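Spelled out from the first residue to the last, the chains are:
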Amino acid sequence: MADRLLVSTRKGLFTVARGAGGWRVARVSFLAENVTLAHADPRDGGWFAALNLGHFGVKLKFSPDAGATWEDRAAPAYPEGATFAVADGKPPAVATLKLIWALESGGADQPGRLWCGTLPGGLFRSDDGGKSWALVRGLWDRPERAGWFGGGADQPGIHSLCRDPRCSRTLRLAVSTGGVWTTEDDGATWQLDGKGIFADYMPPDRKFEQNVQDVHMMVQCRESPDHIWVQHHNGVFRSADAGRTFDVVPNVAPSVFGFAVAVHPRDPRTAWFVPATKDERRVPVDGKVVVSRTRDGGATFDVLRNGLPQEHAYDLVYRHALAVDDSGDRLAFGSTTGGLWVSEDQGDSWKAIEARLPPVHAVTFV
Amino acid sequence: MAPALARWLAPEPGASAGERAFAVEGATVREVLDALFARVPVLRGYVLDERGALRHHVVCFVNGVAVRDKAALSEPVPAGGEIYVFQALSGG
């Protein structure tokens, strides 16, 4: 079980640790800086932190010692001539790095390998632990990319990276807005997956077009990686064939809209969501923060609220701000209004961390 | 170099936090900045984007006058001139 959390916020990276008195803030790194994402490398325990400095651009930092010291790593850079086009009428523009939106380590058989998903839509690969990066041309040069467009951001972005634990050369990713993609050869070639996901924001005859799907977040079950859950702009979807096809999961209570999803590492039928009301009303239903959990593959859902604010709570939970630990028992999520809650019983009960944190971008167990 | 930028550099031994100044050669803003980045490579990614343009929320003043072409950086720098590199107020 994990006893530490990395909480990336608008004003710093907070290490929250479990002690005799419960979960407490144990360290603050980059105080007052915009930390958009953190990633712990399971191969060596190193921590990466992505910063988005308001003036000075996107930076990547690495800590070999659990946040005691930090070193510079390279941020991915778009090559000369790179442009991105969007399919919703905005003109093509020069591609420069706007945001590191996803980080994933390679397998144990791929020392130094890191994958990085970014805005405006580039996937980057490193084979030296983030000291240098190369744009993954196999995906960037696909003609379908001209049909991507921005979701929550003005530009398309890659936010979900799922390396297949059975084969390190297989990576699945999701784009907002650009659907679900799979490579089985380290990124050289790609297949557009995600059949069955639908978009109500498109004209009816394009509703099921795979390349326009606004996946908000995609996660895979560690021990059953063919089982993938998606929180999408228009609902929740589940795949049992490694993302090739999806079925809609209509019963999520109290709402099918949200950003975050987590799946149990061993039981692919158990998944958690933090719903908001709907896309044009991005606040909790009735001002009550709840977590929605299924244990039967999405047939039924429990609405979990024990320990969560139930009166005038307007916390929104971003896509990377809900996490489950390796045991599947501990969960944590953070909100746009700085709330942070931890459960040690799969969501049956929650405890708020005693802190008034900055807006939370991402949460991960380490 | 404004303190907000200088604090991302390794401090000089014994120096307190604050502005940092470097004396480098160059006849244009681009030449001066390139000479600066040769001395302090980490600065490049803070001041310029990957296209080589001055970052959207970074501003350079040459003897008190803001650089106008943030992509070309071709404006002349007179001998003995001073370039200030600031975070633009717009990014705050």
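Procedures and definitions
- Every residue gets a number counted from 1 within its own chain, in the order that chain's sequence is written.
- The lettering of chains begins at A and the numbering of ligands begins at 1, in the order of writing.
- Per-residue local features of the predicted model are confined to residues with pLDDT of at least 70, and side-chain atom pairs are confined, for both listing and counting, to 80 or more; whole-chain, interface and lining totals are unaffected and use all residues.
- Side-chain descriptors were evaluated using all non-hydrogen atoms of the structure, hydrogens and water having been removed beforehand.
- The helix count covers DSSP runs of H or I at least four residues long, the strand count covers runs of E at least two residues long, and both are numbered beginning at the N terminus.
- The classification of residues rests on relative accessible area computed with a 1.4 Å probe and restricted to protein chains. Under 20% of the type maximum is buried, over 50% is exposed, and intermediate values are partly exposed.
- Two strands are said to pair when DSSP picks up at least two bridges between them.
- Lines fitted to the C-alpha atoms define the axes, with helices restricted to the stretch that makes contact. Angles between their N-to-C directions range from 0 to 180 degrees.
- We call two residues in contact whenever any of their non-hydrogen atoms come within 4.5 Å of each other.
- Accessible-area loss on putting two parts together, using a 1.4 Å probe and summing over both, is the definition of buried area adopted here.
- We define a salt bridge as a contact between a side-chain nitrogen of Lys or Arg and a carboxyl oxygen of Asp or Glu at a distance within 4 Å.
- Counting of polar contacts relies on pairs of N or O atoms within 3.5 Å, with two restrictions inside protein: one atom must be capable of donating a hydrogen and the other of accepting it, and residues adjacent in sequence are counted only when both atoms are side-chain atoms.
- A patch consists of residues exposed above 30% relative accessible area that lack any salt bridge, with like charges linked at up to 9 Å and nonpolar side chains (Val, Leu, Ile, Met, Phe, Trp, Tyr) linked at up to 5 Å.
- A 1.4 Å probe and the Shrake-Rupley method give the accessible areas. Residues count as covered only by the protein chains that appear here.
- In these notes, a set of buried Ala, Val, Leu, Ile, Met, Phe, Trp, Tyr and Cys residues joined through side-chain atoms within 4.5 Å is what counts as a nonpolar core.

What about the environment of Ala362 of chain A?
Residue and element names in this part refer to chain A. Mapping Ala362 onto the fold places it in strand 30 (residues 360-365). On the basis of relative accessible area, Ala362 is assigned to the buried category, the value being 3%. When the C-alpha positions of Ala362 and Asp164 are compared, they lie 22 Å apart, and in sequence the two are 198 residues distant.

Section: the sheet that holds strand 14 (residues 157-163) of chain A
Residue and element names in this part refer to chain A. Reading across from one edge, 14-15-16-17 is the order of the four strands in this open sheet, with antiparallel pairing throughout. Only two strands of the sheet have a single partner each, and these edge strands are strand 14 and strand 17 (191-193). Each strand of the sheet is rotated relative to its neighbour by a mean of 30 degrees, with strand direction disregarded. For strand 15 (residues 171-176) and strand 16 (residues 179-183), the ladder comprises five bridges, and the chain directions are antiparallel. Its bridge partner lying in strand 16, Arg172 is registered against Thr182.

Re the interface of chain A and chain B
Frequently, the measure chosen for interface size is the accessible area that the parts lose on association. In this assembly, 20 residues from chain A lie in contact with 17 residues from chain B. Taking both sides of the interface into account, the surface hidden between chain A and chain B amounts to around 1,400 Å²; carbon and sulfur atoms contribute 55%. When the buried surface of chain A facing chain B is broken down by residue, His55, Phe56 and Lys59 of chain A rank first, second and third, together holding 46% of it. The interface formed by chain A and chain B includes two salt bridges. Put simply, Glu80 of chain A and Arg51 of chain B hold a salt bridge, and the shortest N to O gap is 3.8 Å. Here chain A is connected to chain B by 10 residue pairs in polar contact (both at pLDDT 80 or more). When residues of the side of chain A that touches chain B are traced back to their parent elements, those giving at least two are strand 5 (47-53) and strand 6 (57-63) of chain A. With three residues, strand 6 of chain A is the largest single contributor of residues to the side of chain A that touches chain B.

A short note on a nonpolar patch on the surface
Residue and element names in this part refer to chain A. Together, Val25, Val28 and Leu31 make up an exposed nonpolar region whose accessible area comes to about 250 Å². Relative to the helices and strands, Val25 resides in strand 3 (residues 22-29). Under the relative-accessibility criterion, Val25 is labelled partly exposed at 34%.

Regarding the nonpolar core
Counting 34 residues, the largest nonpolar core has Leu43 and Val47 of chain B as the members making the most contacts within it. Put simply, the parts of the chain that give this core at least two residues each are strand 4 (35-40) and strand 5 of chain A together with helix 1 (3-6), helix 2 (29-39), helix 3 (44-47), strand 1 (58-62) and strand 3 (83-87) of chain B. With five residues, helix 2 of chain B is the single largest residue contributor to this core. The contact partners of Val47 of chain B, leaving out residues within four places of it in the chain, are Leu5, Phe37, Ala53, Leu54, Arg55, Val58 and Val85 of chain B.

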